[in-house]
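Close look at the chain arrangement
These are the residues of each chain, in order.
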Protein chains: 2
Amino acid sequence: MAADTPERSAPPRPRGAYAKGIARRQEILDRAIEVFAERGADRTSLRAIAREVGVTHAALTHYFGSLEELLVAVYEESNAPGRQAGSPPEDATPVEMMIESARINRAIPGLVQLYSTLVASALEEGHPAARTFATGRFARLRTRLAETVRQQQAEGRIRADVDADAVAALVVAASDGLQTQWLLDESAPQHEALALLDRLLRPTD
Amino acid sequence: MAADTPERSAPPRPRGAYAKGIARRQEILDRAIEVFAERGADRTSLRAIAREVGVTHAALTHYFGSLEELLVAVYEESNAPGRQAGSPPEDATPVEMMIESARINRAIPGLVQLYSTLVASALEEGHPAARTFATGRFARLRTRLAETVRQQQAEGRIRADVDADAVAALVVAASDGLQTQWLLDESAPQHEALALLDRLLRPTD
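All of the points below concern the structure found in this document. Here the structure is a predicted model, which is why all the values come from computation and not from measurement.

Let us now look at the packing of helix α5 (residues 94-105) of chain B against helix α7 (residues 128-154) of chain B. All names here are of chain B. Closest axis-to-axis distance for the α5/α7 pair is 9 Å, and the angle between their directions is 135 degrees. Here α5 lies oblique to α7, going by the angle between them. Where α5 approaches α7, its residues P94, M97 and M98 are matched on the opposing element by L145, T148, V149 and Q152. Residue classes in the contact of α5 with α7 are distributed as 5 nonpolar, 2 polar and no charged.

All right, on to the interface of chain B and chain A then. On the side of chain A, 46 residues touch chain B, which itself brings 46 residues to the contact. Across the interface of chain B and chain A, roughly 4,100 Å² is buried in total on both sides, 63% from carbon and sulfur atoms. Note that A:D185 and B:R142 form a salt bridge whose closest N and O atoms lie 3.2 Å from each other. Joining chain B to chain A, the criterion identifies 11 residue pairs in polar contact (both at pLDDT 80 or more). For the side of chain B that touches chain A, the elements supplying multiple residues, two or more each, are α6 (109-123), α7, α8 (164-184) and α9 (190-201) of chain B. With 14 residues, the single largest contributor to the side of chain B that touches chain A is α8(B).

Attention now moves to the nonpolar core. Core analysis: the largest hydrophobic core is formed by 119 residues, its most contacted members being A:L60, A:L70, B:L60 and B:L70. Excluding anything up to four places from it in sequence, B:L70 contacts B:L29, B:A32, B:L46, B:I49, B:L60 and B:F64.

Next up on the list: the relation of the copies chain B and chain A. Mapping chain B onto chain A leaves a residual RMSD of 0.0 Å; the transformation is a rotation of 180 degrees accompanied by 0.0 Å of translation along its axis. The transformation just described matches what one would write down for a two-fold rotation axis. Taking the C-alpha atom as reference, chain B places B:A174 closest to the rotation axis, 2.2 Å from it. Taken together, the interface assignments show that 100% of the residues at the interface of chain B recur at the interface of chain A, consistent with an identical surface on both copies.

In this section: α8(B). The end-to-end C-alpha separation of α8(B) is 30 Å, in line with the 30 Å expected for 21 residues at 1.5 Å each. Of all 21 residues that make up α8(B), 19 are buried, and the element is covered over most of its length.

Another aspect to go through is the packing of helix α6 (residues 109-123) of chain A against α8(B). Direction vectors running N to C along α6(A) and α8(B) enclose 50 degrees, while the axes themselves pass 10 Å from each other. As summarised for this structure, α6(A) and α8(B) are arranged oblique, according to the angle between their axes. Our pair here, α6(A) against α8(B), has a crossing hand that is left-handed. Residues A:V119, A:A122 and A:L123 of α6(A) lie in contact with α8(B), whose contacting residues are B:T180, B:L183 and B:L184. Classifying every residue of the contact of α6(A) with α8(B) by side-chain character gives 5 nonpolar, 1 polar and no charged.

The next point concerns the packing of aromatic side chains. All names here are of chain A. Counted by the stated rule, this structure contains 4 aromatic pairs over all chains. By the ring-pair criterion, three or more aromatic residues cluster together here, those being Y75, Y115 and F133. In this arrangement the basic side chain of R137 is found over the ring face of F138, its NZ or CZ atom lying 5.6 Å from the centre.

The rules behind the values
Residues numbered from 1 in each chain as written. Chains lettered and ligands numbered in written order. Predicted model: local features only at pLDDT ≥ 70, side-chain atom pairs only at ≥ 80, totals over all residues. Heavy atoms only, no water. Axes fitted to C-alpha atoms, helices over the stretch in contact; angles between N-to-C directions. Helix = DSSP H or I, 4+ residues; strand = E, 2+ residues; numbered from the N terminus. Parallel < 35°, antiparallel > 145°, perpendicular 65-115°, else oblique. Contact = heavy atoms within 4.5 Å. Nonpolar A, V, L, I, M, F, W, Y, C, P; charged D, E, K, R; others polar. Buried area = accessible area lost by both parts, 1.4 Å probe. Salt bridge = Lys/Arg side-chain N within 4 Å of Asp/Glu carboxyl O. Polar contact = N/O pair within 3.5 Å; in protein donor to acceptor, adjacent residues only side chain to side chain. Core = buried A, V, L, I, M, F, W, Y, C linked by side-chain atoms within 4.5 Å. Buried < 20%, exposed > 50% of the residue type's maximum accessible area, 1.4 Å probe, protein only. Least-squares fit on C-alpha atoms with pLDDT ≥ 70 in both. Expected span 1.5 Å × (residues − 1). Left-handed = near helix turned anticlockwise from the far one by under 90°. Phe/Tyr/Trp six-rings, centres within 6.5 Å; stacked < 30°, edge-to-face > 60°. Lys NZ or Arg CZ within 6 Å of the ring centre and 35° of its normal.

The following block contains the structure:
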């Protein structure tokens, strides 16, 4: 799971019953985030989650539609700007950003599990919410990182002879894959491999 | 999903009822592989799979224990030497091996889905068979690729100033991650990113 900074425009301020509905949805979402942080996003039913969150199954369906849509909401909300515990410095290279994300993610294994569950669901048939989430996230992340790569190539901080889009896809892939390996086995050289990639992408003197 | 070549010693030839049991297990497994190839490894019940495979739920439980153990068996059997449609040349670099795997995997999306489902399960609590599978697979693959890296470093085909274990972890991660991105969006530069990594790892002239 790599750093996410979803672009959001500020929603208009809602009123009355609608405002109450939004507030209630947010309350449920906040509680769901706590539940997932505590016990991971193990594949479970909307009913079981409703029980733990302390709402009815009908309420969960009303506010989120399906289990999958709730999971996407939990993930996106948890990664919203301001909710994350730290962010990489402005001038970080794309790989340095991923190293910082990896550091943050170690503290929130439940969220990382949730991310990999959503991506695995996205690859299967019949999971439109997960697929929309995963496809959109990868596309946005690649676009954003490729932009950074081009800028840092112009500044002489990343070697000029590499394709920015390929670098972006590679960095996202390496970050996701190494995180998985490390979660399964702490002896996997996650940090070393990311540091190596960072070095390989620097200009040769 | 990267190239797998599980090491297996030839099992002793079994006889009588035991032999029949093994043959029956193999029959079920072969049919299960067909079922997964046709419809992907969507998260479903052992009961639903038993129905499609055409055996009783009790038989499936008898031969495989749990759905997860069946999934692991399907994956491992599908990747067994001789069952795969092609293999990279002997002198391929680790990244070239992954490029060849990616080419093969495009023809078998069901198996790739199955792989990602098993890895996602492995990251959750309560999936011991998936965890054993994924942890063991990553560890073996890293060890094998690191060996190849060292050998090719000695031959001057991979740059000498990189740590073989970090390269191995990086190549496996990049391969898995890029496959996921490509499956979700064919415009993701999977091949370009793997070719770039291959180039970055070659000795600089």
